[in-house]
Amino acid sequence: MSLLRRRIDSSSASTSFSSPRQQQHQKPPSPSKNTNIPMDQAVQVLYPRSKITQSTTQTKTSRHTTLITTNAQQRFTQLLLEHGECHLQDWAVVASSRPLNDDHHLNSHTTTPTRRQPPKSKFIMDDGVILISPSTSMGSITGRLRLCSRSVVFEPTDVSRGIVRCPFDRMVHPPTWKDKMGVVQCNRHYVMKTNNVIGPFTNVEQWCEFRFLFLHSDPVKFYELSQTLFHMVKNEHSPTDNTTQNPQLTLKEILHPIHNRPFDPSNYIDARERPLTSNLRCSLKSPLLTKSGCCIVTRDYIYFQPASGVFTSTASKAICWKISDVVATARRYSGLKDVALELYFVSNGSGGCVDVPKRRYGRSSSSGSSGSKTSSTSSSSSSVLLAFETTKERERVLHLLPRQIPCHTDASFLQQAYVAWKTSSISNFEYLLLLNSAAGRTYHDLSRYPVFPWVLSDYNSTKLDLMDPKMYRDLSKPIGALNEKRLDYFRTRFHSMAQDLE
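Below or above, wherever it landed, is the structure these notes cover. Keep in mind that this is a model prediction, so the values were computed, not measured.

### Looking at the overall build of the protein
1) Next: If you tally the helices and strands in the protein, you get 12 helices and 19 strands.
2) Next: Counting only residues that meet the buried cut, the protein has 44% of its 502 residues in that class.
3) Next: Considering only contacts in the protein between residues 6 or more positions apart, those separated by 24 or more positions represent 66%.
4) Next: Per element, the accessible surface of the protein, about 27,400 Å² overall, is 54% carbon and sulfur.

In structure tokens:
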């Protein structure tokens, strides 16, 4: 309750931060369709049922087709990487691989090692570790080579083949290149999502050489950046780069052009749109994933442009949401910073997300980043969570939204919700959802997931008599004190601690 009280006091105190003269020169937002948003509609958007509602309105055939298409587009995610690892750039390549002798690393990496002939399409196991797998003897397989901060990842176009990840710490030498061919040698790699099935990673402990033929670009940039990343992971100093003494600073410098890329005006739905804000650096947060980018607010839309690759000259395709579809907002925390904003939309299955048509040809180049695809995570949910850099920027965006849109963390709306619950206009479940939202809890952050009170005491009966007082636990005691044996143990422990202090 103390956290809830602090949230309400801070939200009611921060209503505006610009001077009256600045407000006169600002163009007000267009009138919203949500002129009088009912309380039940503002509360029901908190239901975690958007995906269920969407799936029940489709036929079995269309649902199956949509599921396959979505999974194919989302095959590679940052969840396949290590914690804190980020994706930098990807290229269109043709990959091949071959196994190497275990003693090849004793020779120079420029020497052509001898080749081992393993049986294809078979797995050789040793104490649960796969020694030889089809990934060690690939032919000419088309796909995308993804350079990440701690590994090199190959994503085949054929979904029946697994995604191969080669960590830098499993390489003796950094990746090399020759005649548009990148070469990676490692003593262990991981195979993931074979047949596009989510499951445990396959650990292949075998010296293997992967060759990548770049189709439409020069591998020089891949070679130069992978050299720097390799030495960063190996904690070595590159002779041509003096900044590797501070790996964290070097990684920030590498990511600097990605995070500071300006918003592309071709992402506007209407060419006559004008931004009401500058480029606001922010991130789109979802459980276990954070996508960096920039945000722009216009009269009718809120745009989020995901960060694209390091060497990509053009910006990625933006995600946008209609302001007229926003039915509620809520201030949120990002870590320990009160800088995030959650937007709730009409529960129509689209989550307020609008597809942004591209008015420029050649946007998806061979060296484009995976950020050029619209995030289906945000489009399939009834709300989105945007984390800004400062509280002032968050309040700026909130101030540009129509005033009639309720904010769950405002004291006035919480008072209205209390009256609605007291008069049975909303259910107990909806009121508890609203209290969780007012306390800063959201489905997009696992560390602040909504919680519900434990009120029942009988979990063995097949039928519950809710009119029987014995069905409910004693709310005057904490959960740890409900069991008499446990309560006696804690009392004995408390008294023994008091004697020790004396």
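From this point, the discussion proceeds with the structure in view.
### Let's talk about the pairing of strand E11 (residues 208–214)
The side chains of a regular strand alternate, first on one face of the sheet and then on the other.
1) Next: For E11, a buried count of five out of seven residues is recorded, marking the element as mostly surrounded by other parts of the structure.
2) Next: Here strand E8 (residues 181–186) pairs with E11 via six bridges, running antiparallel. Bridging from a neighbouring strand, Val-183 pairs with Arg-211 of E11.

### Focus on the nonpolar core
1) Next: In terms of nonpolar packing, the biggest core is built from 32 residues, with Leu-88, Leu-147, Phe-168, Met-171, Phe-210, Phe-212 and Leu-229 touching the most fellow members.
2) Next: Contributions of two or more residues to this core are made by strand E1 (87–99), strand E4 (141–148), strand E5 (151–156), strand E6 (163–167), E8, E11, helix H6 (220–233) and helix H7 (247–259).
3) Next: When residues in this core are grouped by element, the largest group, six residues, is from H6.
4) Next: Discounting chain neighbours no more than four positions away, the residues touching Met-171 are Val-152, Cys-166, Val-184, Gln-185, Cys-186, Phe-230 and Lys-234.
5) Next: By size, the runner-up hydrophobic cluster in this structure holds 23 residues, among which are Leu-276, Cys-282, Val-297 and Leu-400.

### A word on helix H10 (residues 411–422)
1) Next: Between the first and last C-alpha of H10 there are 16 Å, a value that for 12 residues agrees with the 16 Å anticipated at 1.5 Å per step.
2) Next: Residues of H10 that are buried include every one of Phe-413, Leu-414, Ala-417 and Ala-420, and no others. Along the axis of H10, the buried residues cluster in a sector spanning 115°; they form a single face. For H10, exposure combined with an orientation more than 90 degrees from the buried face picks out Ser-412 and Lys-422.
3) Next: Taken from the residues just after H10, Ser-424 is the one with a positive phi, measuring 65°.

### Considering the packing of aromatic side chains
1) Next: Using the criterion set out here, one finds 18 aromatic pairs in the structure.
2) Next: When the centroid spacing of 4.5 Å and the interplanar angle of 5° are considered together, the rings of Trp-421 and Tyr-431 count as stacked. With Trp-421 in helix H10 and Tyr-431 in helix H11 (residues 428–438), this residue pair connects regions lying 10 residues apart in the sequence.
3) Next: A relative accessible area of 32% means that Trp-421 is categorised as partly exposed.
4) Next: Centre to centre, the rings of Tyr-489 and Phe-490 are 5.4 Å apart; their planes meet at 65°, and the pair counts as edge-to-face.
5) Next: Among the residues examined, Phe-490 registers a relative accessible area of 37% and is labelled partly exposed.
6) Next: Site record: aromatic cluster; members linked through ring pairs are Phe-263, Tyr-268, Tyr-301 and Tyr-303.

### Digging into the pairing of E4
1) Next: Among the eight residues that make up E4, six are buried, leaving the element largely enclosed by the rest of the structure.
2) Next: In the sheet, E1 pairs with E4 via eight bridges, with the strands oriented antiparallel. Bridge assignment links Ala-92 to a residue of E4, and that residue is Arg-144.
3) Next: Where E4 folds back on E5, the antiparallel hairpin that results is connected by two residues.

Cut-offs and rules
- Residues numbered from 1 in each chain as written.
- Predicted model: local features only at pLDDT ≥ 70, side-chain atom pairs only at ≥ 80, totals over all residues.
- Heavy atoms only, no water.
- Helix = DSSP H or I, 4+ residues; strand = E, 2+ residues; numbered from the N terminus.
- Buried < 20%, exposed > 50% of the residue type's maximum accessible area, 1.4 Å probe, protein only.
- Contact = heavy atoms within 4.5 Å.
- Areas by Shrake-Rupley, 256 points an atom, 1.4 Å probe, with all protein chains shown as cover.
- Pairing = 2+ DSSP bridges.
- Core = buried A, V, L, I, M, F, W, Y, C linked by side-chain atoms within 4.5 Å.
- Expected span 1.5 Å × (residues − 1).
- Arc of directions from axis to C-beta.
- Phe/Tyr/Trp six-rings, centres within 6.5 Å; stacked < 30°, edge-to-face > 60°.

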